[in-house]
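The chain contents come next:
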Amino acid sequence: MVKKLFSFIQKFYVAIIFLILYSPVIVLMVLSFNDSKSRVIWGGFTLKWYSRMFNSSIIVETFIVTVTLALLSAAIAVVLGTAACVGIEAMRRRNKQIVLGATNIPLLNADIVTGISLMLFFSRFLNAGFPTLLIAHITFELPYVILSIMPRMRQINTNAYNAALDLGATPLYAFFKIILPEIFPGIITGFIMALTMSLDDFTISYFTKGPGVSTLPTMIYSELRKGVKPEMYALSTLMFLAVLILLVIVNLKGSPMLSKPFANAKNGGKKHAQTMRYRR
Amino acid sequence: MKSSRLRRLVAAPYLVWIVGFTILPLITIIYYAFTERGTNSFTFKNILAIRDPIHFNALVLSLWVAFLSTLICLLLAYPLSYILSKLKNGRGRFVVFLFVLPMWMNHILRTLALQNLLSNTGVINGILEFLRLPTLNIMNTPTAIIIGMVYTYLPFMILPIYNSIAKIDDGVIDAAYDLGASGFTVFRRLILPLSLPGIISGITMVFVPSISEFVIADMLGGSKTLLIGNVIEQEFTVGSNWNLGSGLSVVLMVFIVASMVIMQRYDGDGEGAALW
């Protein structure tokens, strides 16, 4: 009897926290189908916000900027990060520690400080705009990319690589034939992490974007004062579903992905840094 | 030997990148923090500006809000993680995954939805009114900010704690019971100490981002409740005194580094933080 009650209390507790975490997401999804413009009154079911969203040139344009930024920055971060991992692994222990320590800086620092320091730095050389935004995104994505490739890099048996070199393969050929296939899953994970981080980032984009450009999060933030358009609810519902599908695909591919969802919320980065430090 | 030198060279673009876009920007912000606006002469004024009552109160409020949010997250997440860790293997992981999932919706929009729920004419008050219960009036108070932070950062606490509890060997716990330990003793002597690294990393993950948070404070705390993040943000957007803003940022950085150093002290081997 007591045991049953105890088990009920446990289930109830889990359900309550589940409800708390999901209620805002549900509210947003419901609002995206709400015929009334009000945020609290239900005016009947409609799909008009979805159609208006596709017809609004500002939303479509900002969406394209955001997605281009995410794809481009993630691609560059992955190339730079992969090269970095190959090089770092060959470094002497001490240098390796210094480089990995420096890699952690954007993870450990507050986003607001990272954003401001980049803004101050750019203000001396560059006009803020898409290029500064791109550099900033690559900068905060790199640690995540390196974090997901490095563990795989460590597992590689260097004998196979050296044997390939002894047998006359060029280092580049040996890299593509031996190292790349081994670290490829890490590269994919790193790419997806970088992508989601970029899509969700607000703080760093806010300080580095310049007046002409907007990403979806900064656009939503600037709309807050006058009231957010219901089209944004529709867009975010679609994006949530898109990321969900992406996640399911990655999860189906194997490796426990539990840590990845985490990487998304930008501030959560700190724990990856923690992880990295502890594991050394 | 030659190949290893060549391999190291491959990291060169990345090294240039970190120096250029991580280290130099940090030096820039420190430069701004220690120079006078306009004249560029050396000064401590921007750092000492933290003593200004407005800034100081904002810092104290930030630390207090971050502390309470972390504490509430811990109190909510520990029992939850404990319950989930008892689920059969695959299921526990899946449920934890579900708990982390809402973070994939845009942060600002989720906070906006929370605003909808909590506001005086919001959904929660609508339900309370329907049930003829007293309504909430917490919008634009630190309480609302704390609710927002707990909501945003709770998954950061759940995951490391869950991981550290799930890793505990069942055999050890069974052995303790066989040797006559009570449930409470098992918890106090085994589960709690073994999950400590997870607790520590959870605390760091919630506390550090919540001291510097400004979006949640802006949206749920109204214009009157200022956290240090808001003060810094306003120096750069509205006030446009970059030197002062940099000075306050450096002070914030000192607090972040200090809190991480303190946390690391309590974490001997740091095993629980290994999420990968």
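Source: prediction; values computed, not measured. (Residues numbered from 1 in each chain as written. Chains lettered and ligands numbered in written order. Predicted model: local features only at pLDDT ≥ 70, side-chain atom pairs only at ≥ 80, totals over all residues. Heavy atoms only, no water.)

## Some words on the overall build of chain A
A tally of regular secondary structure across chain A gives 13 helices and zero strands. When the helices and strands of chain A are placed in sequence order, the string is α-α-α-α-α-α-α-α-α-α-α-α-α. The buried share of chain A, reckoned over its 280 residues, is 56%. Total accessible area on chain A is roughly 12,600 Å²; 68% of this is exposed by carbon and sulfur atoms. (Helix = DSSP H or I, 4+ residues; strand = E, 2+ residues; numbered from the N terminus. Buried < 20%, exposed > 50% of the residue type's maximum accessible area, 1.4 Å probe, protein only. Areas by Shrake-Rupley, 256 points an atom, 1.4 Å probe, with all protein chains shown as cover.)

## A closer look at the overall build of chain B
Within chain B one finds 13 helices and zero strands. Listing every helix and strand of chain B by position from the N terminus yields α-α-α-α-α-α-α-α-α-α-α-α-α. Its C-alpha atoms put chain B at 75 × 75 × 30 Å along the principal axes. Burial status across chain B gives 55% buried among its 276 residues. Of all intrachain contacts in chain B linking residues separated by at least 6 positions in sequence, the fraction that spans at least 24 positions is 70%. A total accessible area of about 12,700 Å² is found for chain B, and carbon and sulfur atoms account for 67% of it. Distance from the positive charge centre (18 side chains) to the negative charge centre (14 side chains) of chain B: 6 Å. (Contact = heavy atoms within 4.5 Å. Lys, Arg positive; Asp, Glu negative; His and termini not counted. Charge placed at Lys NZ, Arg CZ, Asp CG, Glu CD.)

## Re unusual backbone geometry
Residue and element names in this part refer to chain B. The phi dihedral of arginine 132 falls on the positive side, at around 60°, and the residue is not glycine. Relative to the helices and strands, arginine 132 resides in the loop between helix H7 (123–130) and helix H8 (142–166). Residue asparagine 140 is not a glycine yet carries a positive backbone phi of 60°. Among the structural elements, asparagine 140 can be located in the loop between H7 and H8. The exposure class assigned to asparagine 140 is partly exposed, which follows from its relative accessible area of 45%.

## A short note on the interface of chain A and chain B
In this assembly, 96 residues from chain A lie in contact with 88 residues from chain B. Counting each side, the surface lost to burial between chain A and chain B is near 8,700 Å², with a carbon and sulfur contribution of 76%. Seen at the junction of chain A and chain B, the total is zero salt bridges. Across the contact surface, chain A and chain B share eight residue pairs in polar contact (both at pLDDT 80 or more). (Buried area = accessible area lost by both parts, 1.4 Å probe. Salt bridge = Lys/Arg side-chain N within 4 Å of Asp/Glu carboxyl O. Polar contact = N/O pair within 3.5 Å; in protein donor to acceptor, adjacent residues only side chain to side chain.)

## Digging into the packing of aromatic side chains
In total, this model carries 29 aromatic pairs over all chains according to the counting rule given. An aromatic cluster is present here, built from A:Phe202, A:Tyr206, A:Phe207, A:Tyr221, B:Tyr31, B:Tyr32, B:Phe214, B:Phe236 and B:Trp242 joined pairwise through their rings. (Phe/Tyr/Trp six-rings, centres within 6.5 Å; stacked < 30°, edge-to-face > 60°.)

## A word on a negative patch on the surface
Residue and element names in this part refer to chain B. Negative charge collects at one region of the surface, where Asp169, Asp170, Asp174 and Asp178 lie side by side. With respect to the helices, strands and loops of the structure, aspartate 170 is situated in helix H9 (residues 170–178). Owing to a relative accessible area of 55%, aspartate 170 belongs among the exposed residues under this scheme. (Patch = residues over 30% accessible without salt bridge, like charges linked within 9 Å, V, L, I, M, F, W, Y side chains within 5 Å.)

## Focus: H9(B)
Helical periodicity: at 3.6 residues per turn, an α-helix aligns residues three or four positions apart in one direction. Put simply, B:Asp169 is the residue that caps the front of H9(B), since its side-chain oxygen is 3.0 Å from the backbone nitrogen of B:Gly171. A positive phi of about 95° marks B:Gly180, the residue just after H9(B).

## Points about helix H12 (residues 228–237) of chain B
The buried fraction of H12(B) is high, at eight of ten residues. All of the buried residues along H12(B) are B:Ile228, B:Gly229, B:Asn230, B:Val231, B:Ile232, B:Glu233, B:Glu235 and B:Phe236.

## Quick notes on the nonpolar core
Core analysis: the biggest nonpolar cluster contains 120 residues, and A:Ile112 and B:Phe99 have the highest contact counts within it. Among the elements that make up this core, the one with the highest residue count is H8(B) (15 residues). Once you skip the residues sitting within four places of it in the chain, A:Ile112 turns out to touch A:Thr203, A:Phe207, B:Ser212, B:Phe214, B:Gly229, B:Ile232, B:Glu233 and B:Leu252. The next biggest cluster of nonpolar side chains, apart from the first, holds 54 residues, and it includes A:Ala74, A:Cys85, A:Ala136 and A:Tyr161. (Core = buried A, V, L, I, M, F, W, Y, C linked by side-chain atoms within 4.5 Å.)

## Examining the side chain of A:Ser56
Residues and elements named next belong to chain A. One can find serine 56 in the loop between helix H2 (48–55) and helix H3 (57–89). When its relative accessible area of 18% is taken as the criterion, serine 56 is described as buried. Looking at serine 56, its side chain comes within polar contact range of the main-chain nitrogen of isoleucine 59, at 3.2 Å.

## Re the confidence of the model for chain A
Residues and elements named next belong to chain A. In this model, chain A carries a mean pLDDT of 83, and residues with pLDDT of at least 70 account for 89%. At the low end of the mean pLDDT range in chain A sits helix H13 (residues 269–279), at 38; at the high end sits helix H9 (residues 203–208), at 94. Here residues 255–280 is modelled with pLDDT under 50, and outside its nearest four sequence neighbours on either side it reaches 94 contacts, counting other chains as well. (pLDDT = per-residue confidence, 0-100.)

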